[in-house]
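# Coordinates in review
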Amino acid sequence: MRRPAVSVLAAVVAAGVLAGCGSESWEKQCTTSAEGVIECTPDRRPEAREVTGELLSGGTYDVSQDRGKVVVVNFWGSWCNPCRAEADDLEKTYQATSAKNVTFIGVNSRDDRDSAKAFERGRVTYPSIFDDDGSVALKFDVTQVGTPATLILDRQGRIAAGMRRATTVGELQPLVERIAAERNDG
């Protein structure tokens, strides 16, 4: 019974990798700092695809409903120690930037629903998508994502920045504020 699940997961990952073979990966159009922060200038930012998903708390989320806001997308799992370490920093950044028309959405992967809900309780107040099969991550075109990882979408729904590792409030908040301060015509 385990083999079919592994085969399906391998096929999904392969499909995601192959989908990117015909074109250059979005981050290749951007600048990566020595610290591993990927930043894209407005003229190089790729559009985030249509992304929807089932929320851990019930209901659904559609990234297009947040067009006009900066959207911070954090990929996490309850089994991930660096995710535990960064949760407080993500929440602090969320609280500090929400008045600037910034929102956060988590994307939980490779978890069961109860473990994911228990992880969130007392750690973060923003919602998370339950992405047990990784399909939401693929919609964000993050075929090489590790966990944790964070993307920042600008007000037009384009990928402005990303990190394929844990982050801190000292690193994330200034980046989010800089993107939030951009003019909408960028």
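Refer to the structure presented above.
Presented here is an overview of the structure given in this document. (Residues numbered from 1 in each chain as written. Predicted model: local features only at pLDDT ≥ 70, side-chain atom pairs only at ≥ 80, totals over all residues. Heavy atoms only, no water.)

As a further point, take unusual backbone geometry. Backbone geometry places N101, a non-glycine residue, at a positive phi of 65°. Its location among the elements puts N101 in the loop between helix 2 (81-97) and strand 6 (102-109). Positive phi outside glycine occurs at R110, with the angle close to 50°. Residue position: R110 is located in the loop between strand 6 and helix 3 (113-120). A residue is classified by how much of its surface remains accessible, and R110, at 57% relative accessible area, is exposed. (Helix = DSSP H or I, 4+ residues; strand = E, 2+ residues; numbered from the N terminus. Buried < 20%, exposed > 50% of the residue type's maximum accessible area, 1.4 Å probe, protein only.)

By the secondary structure assignment, D131 is in strand 7 (residues 128-131). One buried charged residue, D131, forms no salt bridge at all, with the nearest opposite charge on K139 at 7.6 Å. In this structure the side chain of D131 is engaged in a polar contact, spanning 3.2 Å, whose partner is the backbone nitrogen of A137. Those residues in contact with D131 that lie beyond four places of it in its chain are V107, N108, S109, R110, V136 and A137. (Lys, Arg positive; Asp, Glu negative; His and termini not counted. Salt bridge = Lys/Arg side-chain N within 4 Å of Asp/Glu carboxyl O. Polar contact = N/O pair within 3.5 Å; in protein donor to acceptor, adjacent residues only side chain to side chain. Contact = heavy atoms within 4.5 Å.)

This part takes up the packing of helix 2 against helix 5 (residues 169-180). For the pair helix 2 and helix 5, the least separation of the axes is 9 Å and the interaxial angle reads 30°. Overall, the two elements helix 2 and helix 5 adopt an arrangement that is roughly parallel. Along this stretch, helix 2 crosses helix 5, giving a crossing that reads as right-handed. From helix 2, D89, L90, K92, T93, A96 and T97 reach across to helix 5, where they touch V169, L172, Q173, V176 and E177. Looking at the contact of helix 2 with helix 5, its residues break down into 5 nonpolar, 3 polar and 3 charged. (Axes fitted to C-alpha atoms, helices over the stretch in contact; angles between N-to-C directions. Parallel < 35°, antiparallel > 145°, perpendicular 65-115°, else oblique. Left-handed = near helix turned anticlockwise from the far one by under 90°. Nonpolar A, V, L, I, M, F, W, Y, C, P; charged D, E, K, R; others polar.)

Turning our eyes to something else, we now look at the pairing of strand 8 (residues 149-153). Counting buried residues in strand 8 gives 5 out of 5 residues, a clear majority hidden from the surface. Taking every second residue as pointing to the same face, both faces of strand 8 are buried, with A149, L151 and L153 on one and T150 and I152 on the other. Judged from the 5 bridges that link them, strand 5 (residues 70-76) and strand 8 form a sheet pairing that is antiparallel. Bridging from a neighbouring strand, V72 pairs with I152 of strand 8. Bridge analysis of strand 8 against strand 9 (residues 159-163) gives 4 bridges, and the strand direction is antiparallel. In the strand pairing of strand 9, T150 is matched with M163. (Pairing = 2+ DSSP bridges.)

Any link to function would need more than the numbers given here.
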